[in-house]
Amino acid sequence: MTTRGTHTRPWSAVLCDLDNVIRFYDQTHVNALERRAGLTEGTTAGIAFAPEVDGPLVLGQITTDQWVDSIARALEPHVSPSQARELGTAFVHVPFHADAAVVALLRQARRHVPLVLVTNATLDLERDLESLGLTNLADHVVSSARVGLAKPDRAIYELAAERAGVATDRCLFVDDRLENVAAAIDLGMTGVHYRGPEDLEAALAPVLGVVAEPASGKEPAKRR
């Protein structure tokens, strides 16, 4: 679904989220550990992404090892200390992969307009992009942990537009979180609430010329 802001002029740059748009995580092992510990699946994620636990991480104030410590401490009222540590470690280090269909679409779009990744990330982002083979996917990467700003703070959107070299109202913004899309629209951007590759295909049609066939198959597991 694409929702436009106050103007309808064609956009001149793509600002795209990373997690749950390009990168997806396999929570199978964490889910198994939670069941073994008598926890409901998703308990660890709920704790890990609580603002007081996750906030310092995405602002670059703590490392992922310190994030593990925070998760484990928050889990200890519910499980043993050893189980809490195991769950925290497993959650932070779950395997991940890139959606090949989304990557292909973004590479095509980048031939026509600047592409900037705008992500609430950790200090490990550069290493993660390298492991995914995506170091050169975008013209610029605006990582919350590096710039000290996190979505939906309008300043991170303005910085991303500046990196793209265009005005905010000339940007297409893609994200899986509605509050992040809403913040982009408030700045005059064209906002895309991402739920699957077909949303990105439709949004990129003005620069691609033709909309490719949607990717088929099982929807990947989501994280952030």
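Here the residue numbering is sequential within each chain, running from 1 through the sequence in written order. With pLDDT at 70 or above as the cut-off, local features in this predicted model cover only qualifying residues; side-chain atom pairs require 80 or more to be listed or tallied, and sums for whole chains, interfaces and linings still use all residues. The basis for every side-chain value is the complete set of non-hydrogen atoms in the structure, without hydrogens or water.

**Q** Pulling in residues and values, what's your account of the pattern of salt bridges?
**A** Each reported salt bridge corresponds to a side-chain nitrogen of Lys or Arg within 4 Å of a carboxyl oxygen of Asp or Glu. Applying the stated criterion to the full structure yields twelve salt bridges. Where D19 meets R23, a salt bridge forms, and the shortest distance between an N and an O atom there is 2.6 Å. Judged by its relative accessible area of 4%, R23 is buried. Here R154 ties to E158 by a salt bridge, and the two come within 3.1 Å at their closest N and O atoms. You can see R154 and its partner E158 sitting in helix 9 (residues 154-164), four residues apart, about one turn around the helix. Burial status follows relative accessibility: with a 1.4 Å probe on protein chains alone, a residue under 20% of its type maximum counts as buried, one over 50% as exposed, and anything between as partly exposed. In this structure R154 comes out as partly exposed when scored by relative accessible area, which is 49%. A network of salt bridges, in which partner residues are shared, links D17, K151 and D175. Helix and strand labels come from DSSP, where a helix needs a run of H or I of at least four residues and a strand needs a run of E of at least two; each type is numbered from the N terminus.

**Q** Which residues make up the confidence of the model for the protein, and what are the values?
**A** What pLDDT reports is the predictor's confidence in each residue, on a scale of 0 through 100. Overall, the prediction assigns the protein a mean pLDDT of 91, with 89% of residues at 70 or greater. Residue contacts are defined here by distance: any two heavy atoms, one from each residue, within 4.5 Å place the two residues in contact. Contacts from residues 2-9, a stretch scored under 50 in pLDDT, to residues over four places away or in other chains number 18 contacts. Taken as a whole, residues 210-224 scores under 50 in pLDDT and shows 35 contacts with residues more than four places along the chain or in a different chain.

**Q** Explain the nonpolar core to me, using residue names and the numbers behind them.
**A** Put simply, buried Ala, Val, Leu, Ile, Met, Phe, Trp, Tyr and Cys residues joined by side-chain atoms within 4.5 Å make one nonpolar core. The biggest cluster of nonpolar side chains holds 31 residues, and the ones touching the most others in it are V14, C16, I22, L106 and L204. Among all residues touching L106, those that are not within four sequence positions of it are V14, C16, I22, L115, L137 and L200. Membership of the second largest hydrophobic core comes to 23 residues, among which are A37, L39, A50 and V94.

**Q** How would you explain unusual backbone geometry if you had to name every residue and give the values?
**A** Geometrically, the link from K151 to P152 is a cis peptide bond, its omega value of 10 degrees lying close to zero. Tracing the chain through its elements places P152 in the loop between helix 8 (144-147) and helix 9. Of note, N20 is a non-glycine position whose phi angle comes to about 75 degrees, a positive value. Topologically, N20 is positioned in the loop between strand 2 (13-16) and strand 3 (23-25).

**Q** Tell me about the packing of aromatic side chains, residues and numbers included.
**A** Only Phe, Tyr and Trp rings are paired, with Trp represented by its six-membered ring, and only when their centres lie within 6.5 Å; those with planes under 30 degrees apart are stacked, over 60 edge-to-face, the remainder tilted. Inspection of the entire model under this criterion finds five aromatic pairs. Between F49 and F91, the ring centres sit 5.5 Å apart and the planes meet at 70 degrees, which makes this aromatic pair edge-to-face. With F49 in the loop between helix 2 (43-48) and helix 3 (51-58) and F91 in helix 5 (residues 81-92), this pair connects stretches of sequence that are 42 residues apart. The partly exposed category is assigned to F49, whose relative accessible area is 23%. Ring plane angle 75 degrees and centroid distance 6.0 Å describe the contact between W67 and F91, whose orientation is recorded as edge-to-face. Here W67 is found in helix 4 (residues 64-75), whereas its partner F91 is found in helix 5, with 24 residues between them in sequence. Here W67 matches F91 in class, with each residue buried. Ring pairs connect the aromatic residues F49, W67 and F91, which therefore count as one cluster. Charges are assigned to positions over rings by a cutoff of 6 Å between ring centre and Lys NZ or Arg CZ, combined with an angular limit of 35 degrees from the ring normal. Residue placement shows R23 over the ring face of F96; its charged tip is 4.8 Å from the ring centre.

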